[in-house]
Amino acid sequence: MRHILIVGATSAIAEATARRFAQEGDRLYLVARNPERLAAVASDLETRGATQVETMVLDANDTTKHSELITQAETTMGGLDTILVAHGTLSDQKACESSFDETLKELQTNCLSLISLLTHVANRFEEQKHGTIVVISSVAGDRGRQSNYVYGTAKAAVSTFLQGLRNRLYRSGVTVITIKPGFVDTPMTASFRKGKLWVSPEKISEGISRAIQRKSDVVYLPWFWKFIMVVIRLIPENFFKKMKL
Amino acid sequence: MKGYASWGRYPKAIPAMVYGPHWADELFPKDAHFLLPYGNGRSYGDSCLNDSGALLDMRGLDRFLSFDHSTGILRCEAGVLLADILALVVPMGWFLPVTPGTRFVTVGGAIANDVHGKNHHRTGTFGQHVQRLALRRSDQGVVLCSVTENADLFHATIAGLGLTGAILWAEIQLRPIANAAMDTETIRFSNLDAFFDLSGESDRDYEYTVAWIDCLAQGKFLGRGLFMRGNHATPQEKLPAPPGKTRGFPVDMPFPLVNVWSLRAFNSLYYRKQFAKMRRTITHYEPFFYPLDGVLHWNRLYGRRGFLQYQCVVPPESAKESIRALLEIIATARSGSFLAVLKVFGNRFSPGLLSFPRPGATLALDFPNQGQHTLDLLDQLDTIVASAGGAVYPAKDARMSGEHFRQYFPRWEEFQRYIDPRFSSSFWRRVTRT
Ligand SMILES: Cc1cc2nc3c(=O)[nH]c(=O)nc-3n(C[C@H](O)[C@H](O)[C@H](O)COP(=O)(O)OP(=O)(O)OC[C@H]3O[C@@H](n4cnc5c(N)ncnc54)[C@H](O)[C@@H]3O)c2cc1C
Ligand SMILES: NC(=O)c1ccc[n+]([C@@H]2O[C@H](COP(=O)([O-])OP(=O)(O)OC[C@H]3O[C@@H](n4cnc5c(N)ncnc54)[C@H](OP(=O)(O)O)[C@@H]3O)[C@@H](O)[C@H]2O)c1
């Protein structure tokens, strides 16, 4: 039985993944900022078989509470061995272009809040010499594009941070997993027209479960995004800059 | 993008907008379109369609809210599938109180059509086991309904065809079982009289009864078929294994695979499937309740033009004569399906203003869509049903006339008062405006 902290527990991808944890009878500590929605997710996971479900209402940007959060999760569950970080916002690129405050807010939510959480968790896991850190980054961090480079910047920073963390924690037996989904049909992308490349959050959750089992490093979900991103990264910059992406 | 068709894939309808709420606290979209909840699209005709209007895809509301293992009371959001409920509760010794012939329907859809199963003679309809529900309306916000709170709206919402608002969650009383097995008997019978005899003698001792009819048989074999009856099994030493993974029917057939030759072959084979007159087996509940769920998207078998399903009920006094008359027309037309299902409903009252089940015999079958020919044939069937004082099931209908609908469901005017002012459906416009 695992003791899992989930930050951004009302995210569709996190919820689908948490159902898999619940079915395995894990203990769960859920964090989200909307109390009614958090309560609905918690009752669902309890009914589906989680051994214990605890919740905390918290805005992930409230970084002063992060240390306390991790202590709370650890004590109420009697241990902490896995953290899934899933919260995020799909930045309004146009708004960010006309306002640095807006950009800062997006970087805060999609990057700095995660770095704060991970700093605390990394130290705990390093000390206890085991643990699994799973973070949902994005393929959007693999290359900057005019349509969403603020979001992409945040995700790129998160991916790079995780890379360093993985390297540092390897010797302590801590697993660090970077999840890079492609297009996922969730409330975040409700307004997008959906084509053939889109998948359900359940599909992504299957990949996340597998990555945890296999102690993977960086996982593109679904798998074909790995190849799409190789191609996209290979395009020379002087050509790329002329493309409408 | 997901398609929003009905199971019969006829008629075609294109929604102007589709919204996918994920949370019970989400308000309705503000645009001017008429709204209609969409469950899992297992209705055959146009009751889950809203041509040029907006659909609320309710599948995102798929959370279990509570389950009391000792009383069997389950509260869940309306987009939860009956299949998900079974997966959760069967291992704990509980079962659905009522289930239709597919487990891929949502709780909201099951309530909105007040669905029935093979145990209607014992337990009535799905709506009778709903203890409470929460409805979101455009004019009143969230309304809790039960037989004691907002009882009128409760009775309008059961079999309310999705028109009284969006059901957010419901509380359902499940029934206990010893295990996942069914103790079943299949009996071959050679005509309609034999069916009614079998049904009469079985309904007392068997919770589930239904028959498959070879609807191409004529003359003294008219109405021959296989009678299936069963009960949840008592504790067993060895339990039957659940069937393997379901297979999807991958593509649309360019032409229908169902024609009079394939039908004749299938029906005769099915009838002769068992050589002995009676066979008793202990089976897993899945093949017993959901023989068609083994092939996902079997509706594609009928090709792109789709098909029409017809289900009617005729009153007990003249049931035998009416069913005989219906079967004669179907057998002569030679275009019925391999899926003719016949069952005698019990006398339990149905709670909804527009509930379809009522005392009498109910017959259901598919017809490949052959245009006007098919529509004319179904009109002919309607004439018999209407003159017998019966009714046609809206969940399976794509074509009944407004006049017939209003005769079949005399409380429709009373029902109209409870319709959410922002809700409408292709079905409702068709049967109230023509
Ligand atoms: C193979 C097969 C066998 C079947 N056997 C039976 C049977 O034995 N007995 C029987 O009674 N029926 C049977 N049916 C019909 C089926 O059970 C009903 O049509 C059922 O209502 C479909 O549910 P759905 O979730 O797919 O809803 P949909 O078909 O998508 O919608 C059905 C209705 O429910 C409304 N609705 C959906 N969700 C909500 C909500 N959250 N709030 C308010 N309204 C809502 C819709 O507006 C619509 O009016 C069968 C269907 C198939 C395909
Ligand atoms: N969907 C995709 O195509 C896609 C692709 C690649 C990566 N991702 C990433 O996947 C992760 C999950 O997203 P999703 O697709 O599942 O979308 P989602 O369902 O919209 O989930 C996003 C969640 O983040 C929460 N959140 C946002 N800001 C927060 C804050 N400051 N504090 C606490 N919670 C906050 C939201 O909570 P509220 O309900 O309170 O707003 C919401 O539950 C995100 O990191 C996203 O960037 C998604």
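Residues numbered from 1 in each chain as written. Chains lettered and ligands numbered in written order. Predicted model: local features only at pLDDT ≥ 70, side-chain atom pairs only at ≥ 80, totals over all residues. Heavy atoms only, no water.

Digging into the confidence of the model for chain B
Fine structural detail should not be taken from predicted coordinates in areas where pLDDT scores are low.
Then comes step 1: Confidence along chain B averages 92 in pLDDT terms, with 92% of residues attaining 70 or more.
Then comes step 2: Across the interfaces of the predicted complex, the ipTM metric reaches 0.95, alongside a pTM of 0.96. (pLDDT = per-residue confidence, 0-100.)

Some words on the pattern of salt bridges
Residue and element names in this part refer to chain A.
Then comes step 1: What the rule picks out here adds up to 39 salt bridges over all chains.
Then comes step 2: Here R19 ties to D44 by a salt bridge, and the two come within 3.1 Å at their closest N and O atoms. Taken together, the positions of R19 in helix α1 (residues 12-23) and D44 in helix α2 (residues 35-47) put the pair 25 residues apart, joining distant regions of the chain.
Then comes step 3: Looking at D44, the relative accessible area reads 0%, which means it is buried.
Then comes step 4: Its salt-bridge partner being D217, residue R166 comes within 3.8 Å of it at the nearest N-O pair. Highlighted residues: R166 in helix α6 (residues 149-169) and D217 in the loop between α7 (201-214) and β7 (218-221), separated in sequence by 51 residues.
Then comes step 5: With relative accessibility at 43%, the residue D217 sits in the partly exposed group. (Salt bridge = Lys/Arg side-chain N within 4 Å of Asp/Glu carboxyl O. Helix = DSSP H or I, 4+ residues; strand = E, 2+ residues; numbered from the N terminus. Buried < 20%, exposed > 50% of the residue type's maximum accessible area, 1.4 Å probe, protein only.)

A few points about the packing of aromatic side chains
Then comes step 1: For the structure on display, the rule yields 27 aromatic pairs over all chains.
Then comes step 2: With 5.2 Å between their ring centres and 80° between their planes, F95 of chain B and Y285 of chain B make a pair best called edge-to-face. Here Y285 of chain B lies in helix α7 (residues 285-289) and F95 of chain B lies in strand β6 (residues 94-95), a separation of 190 residues in the sequence.
Then comes step 3: Members of the aromatic cluster, connected to one another through ring pairs, are F183, F192, W198, W223, F224, W225 and F227 of chain A.
Then comes step 4: Above the face of the F409 of chain B ring, R358 of chain B is positioned so that its terminal group lies 5.1 Å from the ring centre.
Then comes step 5: Positioned above the aromatic ring of W412 of chain B, the side-chain terminus of R406 of chain B is 5.9 Å from the ring centre. (Phe/Tyr/Trp six-rings, centres within 6.5 Å; stacked < 30°, edge-to-face > 60°. Lys NZ or Arg CZ within 6 Å of the ring centre and 35° of its normal.)

Examining the nonpolar core
Then comes step 1: Within the largest apolar cluster, 108 residues are counted, with the highest numbers of intra-cluster contacts made by I85, I323 and W428 of chain B.
Then comes step 2: Within the second largest apolar cluster, 32 residues are counted, among which are I6, L28, A42 and V134 of chain A. (Core = buried A, V, L, I, M, F, W, Y, C linked by side-chain atoms within 4.5 Å.)

With respect to the site of ligand 2
Residue and element names in this part refer to chain A.
Then comes step 1: Within the structure, ligand 2 sits among 27 residues, and T10, A60, Y151, V184 and T186 are positioned closest to it.
Then comes step 2: With respect to ligand 2, the backbone of G88 contributes an N or O atom lying 3.1 Å from an oxygen atom.
Then comes step 3: In this structure, an oxygen atom belonging to ligand 2 sits 2.5 Å away from a side-chain N or O atom of Y151.
Then comes step 4: Against a free-state accessible area of 880 Å², the protein chains account for coverage of 91% of ligand 2.
Then comes step 5: Only α1 and α6 provide two or more residues apiece to the shell around ligand 2.
Then comes step 6: Looking at the shell around ligand 2, its residues break down into twelve nonpolar, twelve polar and three charged. (Near = heavy atom within 4 Å. Polar contact = N/O pair within 3.5 Å; in protein donor to acceptor, adjacent residues only side chain to side chain. Areas by Shrake-Rupley, 256 points an atom, 1.4 Å probe, with all protein chains shown as cover. Nonpolar A, V, L, I, M, F, W, Y, C, P; charged D, E, K, R; others polar.)

Description of the site of ligand 1
All names here are of chain B.
Then comes step 1: What surrounds ligand 1 is a group of 34 residues, the closest being P37, R42, S43, T106 and Y393.
Then comes step 2: For ligand 1, an oxygen atom lies 3.1 Å from a polar atom in the backbone of N40.
Then comes step 3: At 2.9 Å, a backbone N or O of L161 approaches an oxygen atom of ligand 1.
Then comes step 4: Bound to the protein, ligand 1 loses 96% of the 970 Å² it would expose on its own.
Then comes step 5: Listed by contribution, the elements that provide at least two residues to the shell around ligand 1 are β2 (35-38), α2 (107-112) and β9 (166-173).
Then comes step 6: Residue classes in the shell around ligand 1 are distributed as 18 nonpolar, 14 polar and two charged.

Considerations on the interface of chain B and chain A
Then comes step 1: Contacts between the two partners involve 13 residues from chain B and, on the opposite side, 14 residues from chain A.
Then comes step 2: Both sides together, the interface formed by chain B and chain A hides about 1200 Å², and carbon and sulfur atoms give 54% of it.
Then comes step 3: The three residues of chain B that bury the most area against chain A are W23, R63 and F64 of chain B, which together make up 44% of that side's buried surface.
Then comes step 4: Where chain B meets chain A, there are three salt bridges.
Then comes step 5: Residue D62 of chain B is joined to R19 of chain A by a salt bridge in which the shortest nitrogen-to-oxygen separation is 2.8 Å.
Then comes step 6: Applying the counting criterion to the chain B and chain A interface returns five residue pairs in polar contact (both at pLDDT 80 or more).
Then comes step 7: With four residues, strand β4 (residues 64-68) of chain B is the largest single contributor of residues to the side of chain B that touches chain A.
Then comes step 8: The class makeup of the residues in the side of chain B that touches chain A is six nonpolar, two polar and five charged. (Contact = heavy atoms within 4.5 Å. Buried area = accessible area lost by both parts, 1.4 Å probe.)

Re the sheet that holds β9 of chain B
Residues and elements named next belong to chain B.
Then comes step 1: The antiparallel open sheet is built from five strands, whose spatial order is β4-β5-β9-β7-β8. The open sheet has two edge strands with one neighbour each: β4 and β8 (141-145). Looking at each pair of strands side by side, their axes are set apart by 10° on average, direction ignored.
Then comes step 2: Packed on one face of the sheet, helix α1 (residues 82-89) meets β4 and β5 (73-77) and runs near 40° to β4. (Pairing = 2+ DSSP bridges. Axes fitted to C-alpha atoms, helices over the stretch in contact; angles between N-to-C directions.)

Looking at the side chain of R429 of chain B
All names here are of chain B.
Then comes step 1: By the secondary structure assignment, R429 is in helix α12 (residues 426-433).
Then comes step 2: The side chain of R429 is buried and forms no salt bridge, while D51, the nearest opposite charge, is found at 6.2 Å.
Then comes step 3: Engagement of the side chain of R429 in a polar contact is seen with the side chain of S424, the distance being 2.9 Å.
Then comes step 4: Leaving out residues up to four positions away in the same chain, R429 has contacts with N50, D51, S424 and T434. (Lys, Arg positive; Asp, Glu negative; His and termini not counted.)

Points about unusual backbone geometry
Then comes step 1: Here L221 of chain A and P222 of chain A are connected by a cis peptide whose omega angle stands at -15°.
Then comes step 2: Summarising the element assignment, P222 of chain A is placed in the loop between β7 and α8 (225-234).
Then comes step 3: The linkage connecting Y10 of chain B with the following residue, P11 of chain B, adopts the cis geometry, with an omega of 0°.
Then comes step 4: Note on placement: P11 of chain B falls in the segment before β1 (17-19).
Then comes step 5: Of note in the backbone geometry, K215 of chain A takes a positive phi value of approximately 50° without being a glycine.
Then comes step 6: For K215 of chain A, the position within the fold is in the loop between α7 and β7.
Then comes step 7: On the accessibility criterion, K215 of chain A (53% relative accessible area) is exposed.
Then comes step 8: At S52 of chain B, a residue that is not glycine, the phi angle is positive and equals roughly 65°.

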